[in-house]
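The lines below spell out each chain.
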Amino acid sequence: MATDVAPLPSPACSPGKSSCKVTTPEEAGSGAESGGQGSDGPTSDSPPTSPDEALSPDDLQLLAKLEEQNRLLESDSKLLAFSGSRRNSGASLVSSSSGSSGQSHGEEEAAWPLWGQLVAEWEETTRKGSRGVKELVRKGIPHHFRGIAWQLLCVAQALPVKAQYSDLLKTPSPCERLIRRDIARTYPEHGFFRQKDSLGQEVLFNVMKAYSLVDPEVGYCQGSAFIVGLLLMQMPEEDAFCVFVKLMQEYRLRELFKPSMAELGLCMYQLENLIQEQLPELNVHFQAQSFHTTMYASSWFLTLFLTTFPLPLATRIFDIFLSEGLEIVFRVGLAVLQATQSDLLQFDMEGMLQYFQKSLPHMFDNNHDRLINLAFQVKYNPRKMRRLEREYNTQRSKEIQEQVEMKRLRTENRLLRQRVENLEKGQVIRAQESEEASALRREGSQLRQRLSQCQGQLQQKETERACLSQELEQKLGCADLKQEALQAALKAAQDRAAELERQGRALPDESNVARLTDEVRAARQREAAAVSALEEMQEVVQQLQRECKSFVDGAGRRKAGHTAAQQQQQQEVLGLRFSEAQNEAELKITQHRLRQLQIESELQSSRLERAEKLAERAKEEAQRVEGEKLAVLSRLEQAQRRLSEAECRNKEEVMAVRLREVDGITAVLELQQRVAELEIQKEERQLQLELEGNEGTPRIQALTAKIQELQTEVARLGGESGLDPSMTSPLSEEDFLSNPSLSLLAENGCLFENGDVAHDAHSPSK
């Protein structure tokens, strides 16, 4: 949406006249649907006038510019559907927004020329000073100028991130699932966002997804969707995205929506101090009921009252927020508490929660200006707010330091507990040593038993190994015999196959025996038919001969009227018939011979086919025998492989038994050594205790003197042999008594001669 509008001077017509009104296509559409009963048309008192006659040239220029911008909006398919949803929705955006200023249509229309000139001369006006702009914003922005005015107020009309918007929509975001889940919770009663997967939900998802990619640290927060939804009600999604980015960056919203929400904690701290100062009675009541500020005021800062008040009033507050920042949230919050103090003092915590949720949203429905005026009557000192911010930051840093110190103390406490536990374990270890010694003795006896058992198992395994070796040798012999038998059987099978192949060539095919039998039977039938036909022909010839003979014999007995020529013709006719009969008989005989030759040819061909099939069967039999031979060889190889594997396993078991035996012996020796060491330590301790209790006895003194003499002798001998004097220096009585090993040697009568220590018969041997 463009933000530059042609300059518009002060109109010549009075502000109350309807002819000064600028009608947008959206109003025209809503007016057509409502049957022309809207308040945007001329009043019944004023005569209908032509807009061209009532408006000045500058007014017409502004009107043309607005109509051009509306055509651009409706050319976009998404915004066209958006405007349709606005017209068809029960809570239409036009009606809700137009009522957001709390003024009548006449007052709002009167402000249009002023806002048109302000938008057109925005840079010049803001350069002179922003006091007048703030006053106009506090009175309410006309809803048709709200989209442009919001962009101008936050300076978001030319952000570089706008060019990246289409690319951001193509990029996947890690917050898509969370955004999809919360879309249905954003303005669930509004017609633009009510239906699932509607245009409103789709553009809201697009803007939230794009911002989660631009600012990964913040990503997505549920409260931000209400702010974006309000922006989408007033402008296209690209412009809404730019305005939202500007709000997050320069209006402290980014700090509010960070995962730590440190800015929200600061706002709660400042609001609590303001309530304590300006509403002390209500503050005492809140504390008595444990009604914390976060229970009712968090949504005020996170959604800018969009979830607290209806859209018309929340939009008025949002106008001022864009002009003056987060200060309006504190002012409106304190104004609400002042206006409802008398009611809140009568409720407990649950009643106050119900009051904030049900009664408060509709308290100022009929008079928005009352809440705005109350808000700007609240005492708000920016210096004090900065001081409270410093105090909060100081307290926050102290809390962080205390948390760090607490964490350090907890770590030290844990380490001290570990040290105490270790010391307690050290005391327990001494009591456990005696138990370990007895346990070691028991383990030694058990290991001896296990050693004897292992030796018995080893002998048993040796016997089993010998038996297995014998069985394996027997199996190898049997396998060799089986291999020879299989080779002989293979050779016999090959000979049998060759013989069968030779016999197969002479034998008929079993599969064709029935067919050949049928053919022979058919041939015999045809032969019998031919013979019968031949016999019939012979009978016919004989009959003809008999007839001819009878005719010749009867010719002499015929009447004398017959001439010799007629008789000759009759004889010729009979001869022709006779020759014809003979020819037919010969033809049938020839056909019979031809059929016999065909039968013989078929028999020969069938014999040839049988011979070929027998040859193929012989080849298949030979291949089968060869396959059996290969199978036998493979089984033989497997038997040999299993034999070798069994030998390897036998060897491994023998080695494992021997290793276990060695481990058992080693463990027994270690236990014996440990027992001896423990016994020596026990005797050393007993002797040390006796020496400590009997330091002044004559025996100890005599032993000390003897040891000193021996040390002197050792030192002398060491000096003669060139040893280090430190190694042969005499020990004092205290050193001697403190050394349990020397006292033990002295007690057992050990002798020191030439620097060597020799045990006598009474000393324990390791």
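Residues numbered from 1 in each chain as written. Predicted model: local features only at pLDDT ≥ 70, side-chain atom pairs only at ≥ 80, totals over all residues. Heavy atoms only, no water.

Engineer: Before we go on, may I ask you to explain the overall build of the protein chain in this structure?
Structural biologist: Counting secondary structure elements, the protein chain contains 30 helices and 2 strands. Across the protein chain, contacts joining residues at least 24 apart in sequence account for 77% of those joining residues at least 6 apart. Split by element, the accessible area of the protein chain, about 46300 Å² in all, is 51% carbon and sulfur. (Helix = DSSP H or I, 4+ residues; strand = E, 2+ residues; numbered from the N terminus. Contact = heavy atoms within 4.5 Å. Areas by Shrake-Rupley, 256 points an atom, 1.4 Å probe, with all protein chains shown as cover.)

Engineer: Help me out: how do you make sense of unusual backbone geometry in this one?
Structural biologist: Glycine aside, a negative phi is what most residues show, and trans is what most peptide bonds show. A positive phi angle, near 45 degrees, is found at Tyr187, a position not held by glycine. One can find Tyr187 in the loop between α11 (176-183) and α12 (191-194). In this structure, Leu304 takes a positive phi of about 55 degrees despite not being glycine. Position of Leu304 among the secondary structure elements: in the loop between α19 (294-303) and α20 (311-324). Exposure remark for Leu304: the relative accessible area of 1% places this residue in the buried category. (Buried < 20%, exposed > 50% of the residue type's maximum accessible area, 1.4 Å probe, protein only.)

Engineer: I'm lost on the packing of helix α17 (residues 262-278) against helix α21 (residues 327-339) in this one. Help?
Structural biologist: In a pair of packed helices, the angle between the axes and the distance between the axes together describe the arrangement. Relative to each other, α17 and α21 sit at 40 degrees, their axes nearing to 11 Å. Judged by the angle between their axes, α17 and α21 are oblique. When you trace α17 past α21, the crossing you get is right-handed. When α17 is examined against α21, the residues Cys267, Gln270, Leu271, Leu274, Ile275 and Gln278 are found in contact with a partner set consisting of Phe330, Leu334, Leu337 and Gln338. Residues of the contact of α17 with α21, tallied by class, amount to 7 nonpolar, 3 polar and no charged. (Axes fitted to C-alpha atoms, helices over the stretch in contact; angles between N-to-C directions. Parallel < 35°, antiparallel > 145°, perpendicular 65-115°, else oblique. Left-handed = near helix turned anticlockwise from the far one by under 90°. Nonpolar A, V, L, I, M, F, W, Y, C, P; charged D, E, K, R; others polar.)

Engineer: Teacher, can you tell me more about the confidence of the model for the protein chain here?
Structural biologist: One rule of thumb: low pLDDT means the predicted coordinates there are not for detailed reading. When pLDDT is averaged along the protein chain, the result is 75, and 74% of the positions lie at 70 or above. Overall, residues 1-54 carries pLDDT values under 50, and its contacts beyond four positions in sequence, including any with other chains, amount to 86 contacts. (pLDDT = per-residue confidence, 0-100.)

Engineer: So what exactly am I meant to see when it comes to helix α13 (residues 199-214) here?
Structural biologist: Residue pairs spaced three or four apart in an α-helix point in one direction, given the helix's 3.6 residues per turn. The first and last C-alpha atoms of α13 sit 23 Å apart over 16 residues, in line with the 22 Å expected at 1.5 Å per residue. A large share of α13 lies buried, amounting to 12 of its 16 residues. (Expected span 1.5 Å × (residues − 1).)

Engineer: Explain a negative patch on the surface to me, please; I cannot follow it from the model alone.
Structural biologist: Together, Glu609, Glu612, Glu616 and Glu620 make up a negatively charged patch on the protein surface. For Glu609, the position within the fold is in helix α27 (residues 564-693). (Patch = residues over 30% accessible without salt bridge, like charges linked within 9 Å, V, L, I, M, F, W, Y side chains within 5 Å. Salt bridge = Lys/Arg side-chain N within 4 Å of Asp/Glu carboxyl O. Lys, Arg positive; Asp, Glu negative; His and termini not counted. Charge placed at Lys NZ, Arg CZ, Asp CG, Glu CD.)

Engineer: Explanation requested: the packing of helix α9 (residues 143-153) against α20 in the structure shown.
Structural biologist: Viewed as axis vectors pointing N to C, α9 and α20 meet at an angle of 30 degrees, and their least axial separation amounts to 9 Å. In terms of their interaxial angle, α9 and α20 are classed as roughly parallel. For the pair α9 and α20, the crossing hand works out as left-handed. Every residue of α20 that contacts α9 at Arg146, Trp150 and Leu153 is listed here: Thr315, Phe318, Asp319, Leu322 and Ser323. Across the contact of α9 with α20, the residue classes tally to 4 nonpolar, 2 polar and 2 charged.

Engineer: Sorry if this is basic, but what is going on with the pattern of salt bridges here?
Structural biologist: Two side chains of opposite charge can pair, provided their charged atoms sit close to one another. Enumeration over the complete set of coordinates arrives at 27 salt bridges. A salt bridge links Glu462 to Arg658, with the nearest nitrogen and oxygen atoms 3.6 Å apart. Here the residue Glu462 occupies a position in helix α25 (residues 382-506), and Arg658 occupies one in helix α27, the gap between them amounting to 196 residues. For Glu628, the salt bridge goes to Arg624, with nearest N and O atoms at 2.5 Å.

Engineer: I'm lost on helix α14 (residues 224-232) in this one. Help?
Structural biologist: The buried count for α14 comes to 9 of 9 residues, which makes it a mostly enclosed element. For α14, every residue scored as buried is listed here: Ser224, Ala225, Phe226, Ile227, Val228, Gly229, Leu230, Leu231 and Leu232.

Engineer: Just checking my understanding: could you explain the nonpolar core for this structure?
Structural biologist: Side chains of nonpolar character tend, in soluble globular proteins, to be buried together. Leu247, Trp300, Phe301, Phe309, Phe318 and Leu337 are the most contacted members of the largest nonpolar core, which has 110 residues in total. Ignoring anything within four residues of it in the chain, the contact list for Leu337 reads Ile275, Leu279, Leu282, Phe286, Tyr296, Trp300, Leu344 and Phe356. Membership of the second largest hydrophobic core comes to 6 residues, among which are Leu440, Leu447, Leu671 and Leu678. (Core = buried A, V, L, I, M, F, W, Y, C linked by side-chain atoms within 4.5 Å.)

Engineer: Where do I start with the side chain of Lys209 in this structure?
Structural biologist: Residue placement: Lys209 occurs in helix α13. Among the polar contacts made by the side chain of Lys209, one reaches the main-chain carbonyl oxygen of Thr171 at a distance of 3.2 Å. Setting aside chain neighbours within four positions, we find Lys209 in contact with Leu168, Leu169, Thr171, Pro172, Ser173, Glu176 and Ile179. (Polar contact = N/O pair within 3.5 Å; in protein donor to acceptor, adjacent residues only side chain to side chain.)

Engineer: I tried to follow the packing of aromatic side chains on my own but got confused; where do I start?
Structural biologist: What describes a pair of aromatic rings is the distance from one ring centre to the other and the angle between the planes of the rings. By the definition in use, this model includes 23 aromatic pairs. Each member of the aromatic cluster is reached from another via a ring pair, and the members are Phe286, Phe291, Tyr296, Trp300, Phe305, Phe309, Phe356 and Phe364. Taking NZ or CZ as reference, Arg180 lies 3.7 Å from the ring centre of Phe205, over its face. (Phe/Tyr/Trp six-rings, centres within 6.5 Å; stacked < 30°, edge-to-face > 60°. Lys NZ or Arg CZ within 6 Å of the ring centre and 35° of its normal.)

Engineer: Teacher, can you tell me more about the environment of Leu253 here?
Structural biologist: Along the chain, the position of Leu253 falls in helix α16 (residues 253-257). In this structure Leu253 comes out as buried when scored by relative accessible area, which is 0%. Look past the residues within four positions of Leu253 in its chain and what remains in contact with it is Ile227, Leu247, Met248 and Phe321.

Engineer: Hey, could you run me through the environment of Leu230 in this one?
Structural biologist: Relative to the elements of secondary structure, Leu230 occurs in helix α14. Classification of Leu230 as buried rests on a relative accessible area of 1%. Linking Leu230 and Tyr187, residues 43 residues apart in sequence, is a C-alpha distance of 9.3 Å.

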